[in-house]
Amino acid sequence: MADEQVVRDRDVLQRSGAPAPAGKYAWPEKPALLSTPIKRLDGPDKVTGRARYTYDINRPGMIYGKVVRSPYPHARVVSVDLAAAQRAPGVKAALVYREPGTQVMYQGDPVAAVAADTEERARDAARLVRVRYEPLPHLANVEQAMAADAPQVFPNGNVRAGARDETGDLAAGFANAAHTVDQTYSTHVITHVCLETHGCVCEWDGEKLTAWISTQAVIQSAQQFAQALGIPQSNVHCITQYMGGGFGSKFGPDAQGIICAKLAKQANAPVKLMLDRKEEHLDTGNRPSATAHIRAGVSSDGTLTAFEADSWGTGGAGAASGFPLPYIYNFPNRKRIHKDVYINAGLQRAMRAPGHPQGCFLTEILMDELADHVQMDPVAFRLRNLPPAGPNAMWAQYFRDGATRFGWDKRHATGDPAPGPIKTGMGVSAHRWGGAGRGSHAHVDILSDGSAVVKCGTQDIGTGTRTIVAIVAAETFGLPISGVKVEIGDSTLPFSGGSGGSTTAASVTPAIRVACTDALDALFAKVAPTLGVQPADLVADGGRIHVKSNASKGVSWKDACKLLGTEPIEVDGQWQDGLSGAGTSGVQFAEASVDIETGIVRVTRILAMQDCGLIVDKLTAESQAYGGVIAAINFALFEDRILDRVTGQMVNPNMEWYLLAGMSDVPTIDIVLNNMPERGVIGIGEPPTVSTASAIANAVRNATGATIRSLPLHPHKVLAAIEQVRAGGTN
Amino acid sequence: MKSAGVTSIATAVTSVAVPDAGAQIGPAVLGPGDVPVALTVNGKRVDLKIEPRVTLLDALRTRADLTGNKRVCDRGTCGACTMIVDGRTVYACSTLAIEAQGKEIRTVEGLSSGNALHRVQQAFCDVDALMCGFCTPGFVVATVAVLEKHPNATREQISKGLDGNICRCGTFVRIMEAALKAQGVARG
Amino acid sequence: MKAFAYVNPATEKEAVAALKTDGIAMVIGGGQDLLARMKDYIDSPERIVNVKGLDATIAATPDGGVRIGSAVRIIDLFEHAQVAKLYPAVNAAAIEIGTPQIRNQATVGGNINQRPRCWYYRNEEFVCYKKGGSRCFAVNGENQYHAIFGNEGPSHIVHPSSLAVPLVAYGATFRLVSSAGEREVAAADYFTRPTLQNVLKENVLEDEEILTHVILPPPGNVKTGHYEVRYKASHDWPLAFTTVVLAMNGSTIRSARVVLGAVAPVPWRSKPAEAALTGKPLNEATAAAAGEAAVSEAAPMSGNAYKVQIAKTAVKRAVMNAAGLKTV
């Protein structure tokens, strides 16, 4: 699923300024609930363990599936022999997935599958599947793929031309540059590491399939099941009440889901097939790498003049690796040529702000280097070179306010002069994101007992969607949160899109608002005659329906609903323009200390200045911001998908050597959310993760005086950079 | 030995062999097939018939429908499976069910009673110390264990006590707030 | 994991008897290493013998030392006041092991005998020397976490035990039992430099032997220092760590034992560092010199030269720690 493509399409449809007039649907000027901190509805279920994730679904008669995968990065499948597996104890089904004569293109590529009555026996049986492979030449990294004598592993070549962009007069730009920086910057491949691995439970009833699936797109998953299995969409029912993390990697059944459904059909029993941690690292996507050889010029007064980049990256075996470059700042003369490089590794999938953390890093380190050339403070330098300010381009304000709040004036010039082995520094970075929404439907029932039920085929992937649906409904009805019931996470509910691109809040909340407003109008139509007024005279708040100018002239919500008798109010609503917006901006500051005798970086403080239009739930929005920052700390320092350069196999497909921050690694994090109600609802899931790694890298540079131009900031790089500076003066 | 007729006793006596020095005296060999395993979980007895290779985590999740604690890394590195056994946190994925017999096992399910949340659970909800929630049961159990050992735990003690747990959504900041709040001491 | 039979012996005699079986039998202590290896099919014993029922006590010995049962849990080792007082480096190492959950289950014997963390060893796809193969993949591969000393080969692992280093530094011995009887091996002799003949193991423990006790001699009047460098603060394997034990003559170092961890296939005793300390005043300059000396014989691999600097720092700061000086 190309999140960036989705986002671009939606950006085209959305204006970034104030939304169209929304009329009667407009968000309230003085909301009771919106933008306040509201506790997550499913908190109690999650903290008690009552919440049932896909991994927890236990169905009567359920058996367990296990996939057999290629250990080779590139091979021809010669034969697949299921016989011994089929005879193994407890085995109920087995299938070949990769036909003999075809190729596997990465370690972990699925080849066959079995299902047995216990998980242990399924694993035993999987190991009895006899696959004969003919290993073929493989590419373990970008250098191997791009080498002049590289084996041409991929049908149309190992390297494919990507985006190309040229603006202005590059030669003139460099001619006007007083200083030029000519360096290579890069970021690395990371995997999503969803704590709940990918997988599903499939159960057939004749030709009807129910699939509990860990997904960010319950409706799209149902559509994909139907297409892959050749059954009508209306035969497929996907359920995701809770899911344990997606981060962009869970937008359909994937191979394992279809395999699960087929095993279930063959065995005539429900099958649970959840990937294990190794499979999760190998075959559920990754953030592609990004490298750019950049030449950039700045005039003596600190104005950027020129930017030229050759960039490339790998998204694995045949997938793209694009990212925006340059990022944010105004380079009037620029040229950029990108290439996608294919290697024999798992294919990339959208990962939290696809392309932006990469483009940001490749630009922001350069910016500090250029700032040093003209001896300007990094914040002042950035202020000088920003695109024009706007509601979706608030960097100037965030730089200024953030600098004050962070204590930026205490920052020393590059290279901490303090004695001792611990050097401290500060860095900064800016980012943007789209986050627009559209296209969701919703349904509302108001029943005579006062129940208000809101239904939408969206899903809560940990973001708090369930809660913001309730907030919008309760706000509209003038009820407390407890007065509305929310039904989501089911593909039979009204249409909604997948949760990606930070589009869910902006897609779903307008649909809820419209449906609830229209439902309320229908209720007003019932109540008005009994009060001897017109429906337009009524308002709902504080659990009552009353005349606008006379609060005592009204009825309680419950009494109003009694008027419905046996015929409930049932209203469908759809997203419409005017309630959501697009385009967010943010700035982050980082402070880090570096032990120059060990090369170890410790992040001590982060400040995130972020907007997201109208904040629906302040509590869950802040959690998104904390989460994005911590994800980026991992990107900056710890996690790394490491392939053996000779065999092309992943050496750390676990959570031991695939490093992730723990409590003691997390710094003080200060989140400042800028509520912009006039812009409508905009997403926040991704923007806060874009800048942090760059700000940290700049803090490390400020601390040590040594520039590290690639992630992660592992001690070996820090020590090498420090040594380079010590030996040669600069690096 | 059941009582039997004289004839059979005589037969039995004469057929009793002299114990062989190499005979299997000593501890029983259990498995590899299913064996009875009796666990005490949240104060209740859970009787299973499972292979010795089944971990405590898998035994409870797949044979006792106690799915609160999760399987994430299955290698003792992430803490999602954290349970309290005889008063100490363990990785249930790295514990054999057969070896958890005779011990007091507490899972996340045992912390609340009815709809009443444990104060740690309530604190997690109050400060939003969770997002997707998959790491949450493990963190809740680990936090309970920290506070049971150090009722007035400092930030450092909480950090060290929770360093065996990982969150991918990035809820650490609020988990720390929740742990401090659950002591009943409001922190700024 | 492959299915296995499980035996729960009550005595040492029963335990060694249980190891005698057709097929492969292995002991299980805390299970924090064995179970993971089995899940990755690095080991698939047909029988597992529980040794947690063996001696799990810590007792004073007549000569003023300490005798630690191999079944003692790491957390109990850490919380033992006498061990902390007499052997501070053992205490300092114990609390750095893993995480609270690991320390609650892992045993002293298991920590000493755990297998390497090398990612080629731990991944089934790589059939290396330690699994009966004929190469070490670290040589031409990803060796950033591998050895910087003792790199003659064939194996380039770093020994994974945190306790091994202070135990070697304090001159511990290990009691081993088998059906043939018992023996005591000095910790310094227990861990084996890899050769083609012994590469399947990291120590002298025979297949049917069990390590039952760690015996520590009285420490004497020494200053101890211990310093660990790890990347993640929360849960990580160390990049390099050091125990130094200094016998003092006033403020001068009379003799020293310097042992490094996570840098070689065995706990690495550094004679150069010890020479650089002997007869010197215990101060920062001496500490720095010891660090330099310790890495003078370093022979890093293609991707781990950075560990030389880290090992140097670990030695320097361990000596400063022994001196009671602030390390950073």
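Here is what the cut-offs are and how they apply
Residues numbered from 1 in each chain as written. Chains lettered and ligands numbered in written order. Predicted model: local features only at pLDDT ≥ 70, side-chain atom pairs only at ≥ 80, totals over all residues. Heavy atoms only, no water. Helix = DSSP H or I, 4+ residues; strand = E, 2+ residues; numbered from the N terminus. Buried < 20%, exposed > 50% of the residue type's maximum accessible area, 1.4 Å probe, protein only. Contact = heavy atoms within 4.5 Å. Buried area = accessible area lost by both parts, 1.4 Å probe. Salt bridge = Lys/Arg side-chain N within 4 Å of Asp/Glu carboxyl O. Polar contact = N/O pair within 3.5 Å; in protein donor to acceptor, adjacent residues only side chain to side chain. Pairing = 2+ DSSP bridges. Axes fitted to C-alpha atoms, helices over the stretch in contact; angles between N-to-C directions. 1 Å grid on protein atoms, 1.4 Å probe; cavity = no way out; pocket = protein on both sides within 12 Å on 5 of 7 lines; lining within 4 Å. Points joined across faces, edges and corners; volume = space filled by probe spheres on them. Nonpolar A, V, L, I, M, F, W, Y, C, P; charged D, E, K, R; others polar. Domains from an automatic or database assignment. Phe/Tyr/Trp six-rings, centres within 6.5 Å; stacked < 30°, edge-to-face > 60°. Lys NZ or Arg CZ within 6 Å of the ring centre and 35° of its normal.

Draft legend 1. View of the side chain of Ser496 of chain A. All names here are of chain A. For Ser496, the location among the structural elements is in the loop between strand 19 (484-487) and helix 14 (504-531). Assessed through its relative accessible area of 2%, Ser496 is described here as buried. Setting aside its immediate chain neighbours within four residues, Ser496 contacts Ile219, Gln220, Ser440, Cys456, Gly457, Thr458 and Val508.

Draft legend 2. Region of the structure containing the interface of chain A and chain B. Listed by partner, the interface residues are 57 residues for chain A and 54 residues for chain B. Summed over both partners, the interface of chain A with chain B buries about 4500 Å², with 54% contributed by carbon and sulfur atoms. When the area that chain A buries against chain B is broken down by residue, the three leading residues are Val47, Leu195 and Met663 of chain A, summing to 19%. Inspection of the chain A/chain B interface yields ten salt bridges. Between Arg71 of chain B and Glu119 of chain A there is a salt bridge, with the nearest N and O atoms lying 2.5 Å from each other. Inspection of the region where chain A meets chain B yields 26 residue pairs in polar contact (both at pLDDT 80 or more).

Draft legend 3. Molecular detail of the sheet that holds strand 6 (residues 104-106) of chain B. Residues and elements named next belong to chain B. On the basis of which strands lie adjacent, the open sheet formed by five strands has the order 3-2-6-4-5 and mixed pairing. The outermost strands of the open sheet, each flanked by one partner alone, are strand 3 (44-50) and strand 5 (88-91). With direction set aside, neighbouring strand axes in the sheet form an average angle of 40°. As paired elements, strand 4 (residues 82-85) and strand 6 share two bridges and run antiparallel to each other. If you follow Val85 over to strand 6, its bridge partner there is Ile105.

Draft legend 4. Structural detail: empty space enclosed by the protein. Tallying each qualifying case throughout the model produces eleven cavities of 30 Å³ or more. The volume enclosed by the largest cavity comes to roughly 510 Å³. Around the largest cavity, the lining comprises 36 residues; the ones closest to its centre are Thr463, Ser502, Gln624, Ile684 and Gly685 of chain A. Residue composition of the lining of the largest cavity, by class: 14 nonpolar, 18 polar and four charged. When residues of the lining of the largest cavity are assigned to domains, at least three map to each of domain 1 (286-435 + 581-726) and domain 2 (437-454 + 461-574) of chain A. Here the second largest cavity is characterised by a volume of approximately 210 Å³. In this structure, the second largest cavity is lined by 15 residues; those nearest its centre are Trp657 of chain A together with Arg117, Tyr145, Val158 and Trp237 of chain C. Classifying every residue of the lining of the second largest cavity by side-chain character gives eleven nonpolar, two polar and two charged.

Draft legend 5. Fine view of the environment of Ala164 of chain C. All names here are of chain C. Tracing the chain through its elements places Ala164 in helix 9 (residues 164-169). Note: C-alpha distance between Ala164 and Gly220 (56 residues apart in sequence) is 20 Å. Those residues in contact with Ala164, other than ones at most four positions away along the chain, are His159, Phe191 and Pro267.

Draft legend 6. Representation of the interface of chain C and chain B in the model. Contact with chain C, which involves 35 residues of that partner, is made by 35 residues of chain B. In total, chain C and chain B occlude about 2700 Å² of area from one another, counting both sides; carbon and sulfur atoms represent 52% of this. On the chain C side of the interface with chain B, the three residues burying the most area are Tyr6, Lys39 and Gln101 of chain C, jointly 26% of the side's total. Residue Asp74 of chain B is joined to Lys39 of chain C by a salt bridge in which the shortest nitrogen-to-oxygen separation is 3.0 Å. Across the contact surface, chain C and chain B share 15 residue pairs in polar contact (both at pLDDT 80 or more). Sorting the residues of the side of chain C that touches chain B by element identifies strand 1 (5-7), helix 2 (34-39), strand 3 (47-50), helix 3 (74-78) and helix 6 (100-105) of chain C as the ones contributing at least two each. Take the side of chain C that touches chain B: its biggest share by element is five residues, from helix 6 of chain C. Of the residues belonging to the side of chain C that touches chain B, the class tally is 14 nonpolar, eleven polar and ten charged. Bridge count between strand 1 (residues 29-30) of chain B and strand 1 of chain C: two bridges; the pairing is antiparallel. From the neighbouring strand, Leu30 of chain B faces strand 1 of chain C, where its bridge partner is Tyr6 of chain C.

Draft legend 7. Local environment of the sheet that holds strand 25 (residues 600-611) of chain A. Residues and elements named next belong to chain A. Strand order in the open sheet made by the four strands is 16-24-25-26, with mixed pairing throughout. What marks the edges here is a single partner per strand, and that holds for strand 16 (422-433) and strand 26 (668-674). Mean inter-strand twist for the sheet, computed between neighbouring axes without regard to direction, equals 15°. Sheet topology places strand 24 (residues 584-595) next to strand 25; ten bridges connect them, and they run antiparallel. Each residue of the ladder has a partner; that of Gly586, found in strand 25, is Gln610.

Draft legend 8. Structural context of the pairing of strand 9 (residues 199-205) of chain A. Residue and element names in this part refer to chain A. Among the seven residues of strand 9, six are classified as buried, and the element is accordingly described as predominantly covered. By the bridge criterion, four bridges tie strand 9 to strand 12 (residues 271-274) in an arrangement that is antiparallel. Following the sheet pairing, Val201 is matched in strand 12 by Lys272. Bridge analysis of strand 9 against strand 10 (residues 208-213) gives six bridges, and the strand direction is antiparallel. Note that in strand 10 the partner of Val201 across the bridge is Trp212. Hairpin connection of strand 9 to strand 10: two residues between the antiparallel strands, including Gly206 at a positive phi of 65°.

Draft legend 9. Focus on unusual backbone geometry. Cis geometry marks the peptide bond from Leu325 of chain A to Pro326 of chain A; its omega dihedral reads -5°. Tracing the backbone through its elements, the reader meets Pro326 of chain A in the loop between strand 14 (304-314) and strand 15 (333-341). That bond from Leu711 of chain A to Pro712 of chain A is cis: its omega, -5°, falls within 30 degrees of zero. When you line up the elements, Pro712 of chain A lands in the loop between helix 17 (692-704) and helix 18 (715-728). At Ala262 of chain C, a residue that is not glycine, the phi angle is positive and equals roughly 65°.

Draft legend 10. How the structure looks around the packing of aromatic side chains. Using the criterion set out here, one finds 22 aromatic pairs over all chains in the structure. Considering the side-chain rings of Tyr190 of chain C and Phe191 of chain C, the 5.2 Å spacing of their centres and the 85° angle between planes classify their relative orientation as edge-to-face. On the basis of relative accessibility, which here comes to 0%, the residue Tyr190 of chain C falls in the buried class. For Phe191 of chain C, a relative accessible area of 7% translates into the label buried. The lysine or arginine in question, Arg466 of chain A, covers the ring of Tyr242 of chain A, its NZ or CZ lying 4.8 Å from the ring centre. It is Arg605 of chain A that lies over the ring of Phe406 of chain A; its NZ or CZ is 3.9 Å from the centre.

Draft legend 11. Layout of the pattern of salt bridges. Inspection of every chain in the model, using the stated rule, returns 78 salt bridges over all chains. Residue Glu622 of chain A is joined to Arg174 of chain B by a salt bridge in which the shortest nitrogen-to-oxygen separation is 2.4 Å. Taken together, the residues span two chains, with Glu622 of chain A in helix 16 (residues 618-638) and Arg174 of chain B in helix 6 (residues 172-181). Note that Asp126 of chain B and Lys181 of chain B form a salt bridge whose closest N and O atoms lie 3.2 Å from each other. Here Lys181 of chain B lies in helix 6 and Asp126 of chain B lies in helix 3 (residues 119-127), a separation of 55 residues in the sequence. Taken together, the shared-partner salt bridges in this structure form one network comprising Glu656 of chain A together with Asp33, Arg37, Asp43, Arg117 and Arg122 of chain C.

Draft legend 12. Representation of the side chain of Ser502 of chain A. Residue and element names in this part refer to chain A. Along the polypeptide, Ser502 turns up in the loop between strand 19 and helix 14. Note on Ser502: relative accessible area 10%, which makes it buried. For Ser502, the side chain forms a polar contact with the main-chain nitrogen of Gly685, separated by 3.5 Å. Residues in contact with Ser502, not counting those within four places in the same chain, are Trp433, Gly435, Ala436, Gly683, Ile684, Gly685, Glu686 and Pro687.

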